[in-house]
Amino acid sequence: DARVTQTPRDKVTEMGQEVTMRCQPILGHNTVFWYRQTMMQGLELLAYFRNRAPLDDSGMPKDRFSAEMPDATLATLKIQPSEPRDSAVYFCASGSDGTGVTEAFFGQGTRLTVV
Amino acid sequence: QKEVEQNSGPLSVPEGAIASLNCTYSDRVSQSFFWYRQYSGKSPELIMSIYSNGDKEDGRFTAQLNKASQYVSLLIRDSQPSDSATYLCAVRWGNTPLVFGKGTRLSVIA
């Protein structure tokens, strides 16, 4: 069945290391979102792509985070260098707004722990 | 600043009762409203969407939208222990990405 696929599911890394999270959106979807979820802040938007073009990354710390979409089947979120405060669950979601209506479907998430 | 507010709960209801979850949002100019369910340790799962004023029913779920009062609610009839989860309200303004509330934790007591 169609679903958003994220890898890895869990990642434990040391402070200062680079972390790369990957997302395969649902085939045919033209919008991709990266959200971060913490107990304190809930779901926060980090980045947003439509037709592979970045439209909004205002929620992302620019000095250490970067988001790309090298092709229609892959979106990446990188953190370099990682810090303990980056520990959270990172969700990728995809949708299709060709009709002006966008529901977002979420992947299983990457649980990141930075020690 | 677009904001979505929800009572964090927990909201406890007995099995078989109606659970009522509420959500308010900050900007009257909005278009699309969504309810997601998130079980502990899992990803958000879309359960309802509503775009116009009034009620929309889907099985045991009813979404209610009142744009003039800027609130949207979710009713769960005949609540089951399996409905125990966090319910996230999300709002989309125009073509912007979804903005989520922090969620209401629902506990259905058997």
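The coordinates are above.
Residues numbered from 1 in each chain as written. Chains lettered and ligands numbered in written order. Predicted model: local features only at pLDDT ≥ 70, side-chain atom pairs only at ≥ 80, totals over all residues. Heavy atoms only, no water.

Draft legend 1. Structural view of the nonpolar core. Residues and elements named next belong to chain B. Residues W35, V72, L74, I76 and Y87 are the most contacted members of the largest nonpolar core, which totals 24 residues. At the level of secondary structure, the elements contributing two or more residues to this core comprise β3 (19-25), β4 (32-38), β5 (45-50), β7 (61-66), β8 (71-76), β9 (85-92) and β11 (104-109). Apart from residues no more than four positions distant in its own chain, V72 is found in contact with L21, N22, C23, F33, W35, I50, Q64, L65 and C89. (Core = buried A, V, L, I, M, F, W, Y, C linked by side-chain atoms within 4.5 Å. Buried < 20%, exposed > 50% of the residue type's maximum accessible area, 1.4 Å probe, protein only. Helix = DSSP H or I, 4+ residues; strand = E, 2+ residues; numbered from the N terminus. Contact = heavy atoms within 4.5 Å.)

Draft legend 2. Quick look at the interface of chain A and chain B. On the side of chain B, 17 residues touch chain A, which itself brings 22 residues to the contact. Overall, the association of chain A and chain B removes approximately 1,600 Å² of surface from exposure, summing both partners, and the carbon and sulfur fraction of that is 53%. Across the chain A-chain B interface, the total number found is zero salt bridges. Our enumeration of links across chain A and chain B arrives at seven residue pairs in polar contact (both at pLDDT 80 or more). For the side of chain A that touches chain B, the elements supplying multiple residues, two or more each, are β4 (31-38), β5 (42-50) and β10 (105-106) of chain A. Top element by residues in the side of chain A that touches chain B is β5 of chain A. It accounts for five residues. (Buried area = accessible area lost by both parts, 1.4 Å probe. Salt bridge = Lys/Arg side-chain N within 4 Å of Asp/Glu carboxyl O. Polar contact = N/O pair within 3.5 Å; in protein donor to acceptor, adjacent residues only side chain to side chain.)

Draft legend 3. Local environment of the state of the cysteines. Residues and elements named next belong to chain B. Within the structure shown, the criterion is met by two disulfides over all chains. Here C23 connects covalently by a disulfide to C89, the sulfurs 2.1 Å from one another. Because the torsion about its S-S bond is -70°, the bridge between C23 and C89 counts as left-handed. Linking C23 in strand β3 with C89 in strand β9, this pair joins segments that are 66 residues apart in sequence. Using a relative accessible area of 1% as the deciding quantity, one classes C23 as buried. The class of C89 is buried, set by a relative accessible area of 0%. (Disulfide = S-S within 2.5 Å.)

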